[in-house]
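Architecture at a glance
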Amino acid sequence: MNKDDQNRMKKLLQQALPPVKDDSEPSRDLWPAMLRRLDTRPAAPELTGWAWFDGALAAGLVALIAFSPASIPVILYYL
Amino acid sequence: MQNGESDVLNQFQQGDVAAFETLFHQHQRAVYGWILRITRNPAAAEDLTIETFWRIFSARARFDPARGFEGWARRIATRATLDWLRAKKTESELSAETLAEVAAPFEADPAVTAEIRRKTAIAFSRLPPKLRIAATLAVIEEQPQKDVAAALGISVAAVKLRVFRALRLLRKDLERQGITP
């Protein structure tokens, strides 16, 4: 898809979905609802470090890159 | 940053609900507006604003007052909205009236029929959420790419790539429907 195609698609998209008004605001003050949410659902405890699966995922990724450097562009593409 | 503002941020970080309320009232409109740009659904944007601030309060210990509140809040709002987009149906459930209500006035191109606009909007709603968010913010809302990148936690180059992929997938979908953009 060349630059002209991209510009055509951008214009079509802007026609289909015009931008949202700049002065949009909530229909009501949301603080009372926020307070109810804080009361009914205590804030989750803070995570102090990596979960085990984060470490496993990172190790897998490092192993994949080490054994198959050709996978680097594919990984970057999906980031 | 002024002393008063800095105090509020530090108090919020320590779990002070009054400081959190101050920040909530200072930023709820901006957070709501950012989410509305992505969802185009006022009711969902209100719910997601509350979800965002709940996540903000939960993550207060990780907040760095030196880096400011707005960008951090925007990033959490974008993440909450991405989760919502992933969970909801792909087809747009919004009525034309709702879409018209949130949209700014614009000059309609007579060459683009209402049917093509409708099909384009539906095809766009079928895109993967992470591509849709990037294209919504960068193309439709014309937000600076560095702001989009910061909100998504990716590089500007990655934003450009996501927008490119979104437009390419959108074009393919429209072509399958017999529409040649």
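Residues numbered from 1 in each chain as written. Chains lettered and ligands numbered in written order. Predicted model: local features only at pLDDT ≥ 70, side-chain atom pairs only at ≥ 80, totals over all residues.

Attention now goes to the overall build of chain A. Scanning chain A from terminus to terminus reveals 4 helices and 0 strands. Counting all 79 residues of chain A, 11% fall into the buried class. (Helix = DSSP H or I, 4+ residues; strand = E, 2+ residues; numbered from the N terminus. Buried ≥ 20, exposed ≤ 12 C-beta atoms within 10 Å, placed from the backbone.)

This part takes up the environment of Pro110(B). Residue and element names in this part refer to chain B. When you line up the elements, proline 110 lands in the loop between helix H5 (96-102) and helix H6 (114-125). Given 6 C-beta atoms within 10 Å, proline 110 falls into the exposed group. As a C-alpha pair, proline 110 and isoleucine 50 span 60 residues in sequence and 40 Å in three-dimensional space.

Here we take up the packing of helix H4 (residues 70-87) of chain B against helix H7 (residues 129-140) of chain B. Residues and elements named next belong to chain B. H7 packs onto H4 with a crossing angle of 130 degrees between their chain directions and a minimal axis gap of 9 Å. The angle between the axes of H4 and H7 places the two elements in the oblique class. The two elements H4 and H7 meet at a crossing, and its hand is right-handed. The segment H4 lies against H7, with Thr78, Leu82, Leu85 and Arg86 engaging Pro129, Lys130, Arg132 and Ile133. Among the residues making up the contact of H4 with H7, the classes are represented as 4 nonpolar, 1 polar and 3 charged. (Axes fitted to C-alpha atoms, helices over the stretch in contact; angles between N-to-C directions. Parallel < 35°, antiparallel > 145°, perpendicular 65-115°, else oblique. Left-handed = near helix turned anticlockwise from the far one by under 90°. Contact = placed C-beta atoms within 7 Å. Nonpolar A, V, L, I, M, F, W, Y, C, P; charged D, E, K, R; others polar.)

The next thing to look at is the domain arrangement of chain B. All names here are of chain B. Examined at the domain level, chain B breaks down into domain 1 (3-87) and domain 2 (96-176). Taking the mean C-alpha position of each, domain 1 and domain 2 sit 24 Å from one another. Facing 13 residues of domain 1, the contacting portion of domain 2 comprises 14 residues. Take the side of domain 1 that touches domain 2: its biggest share by element is 7 residues, from H4. (Domains from an automatic or database assignment.)

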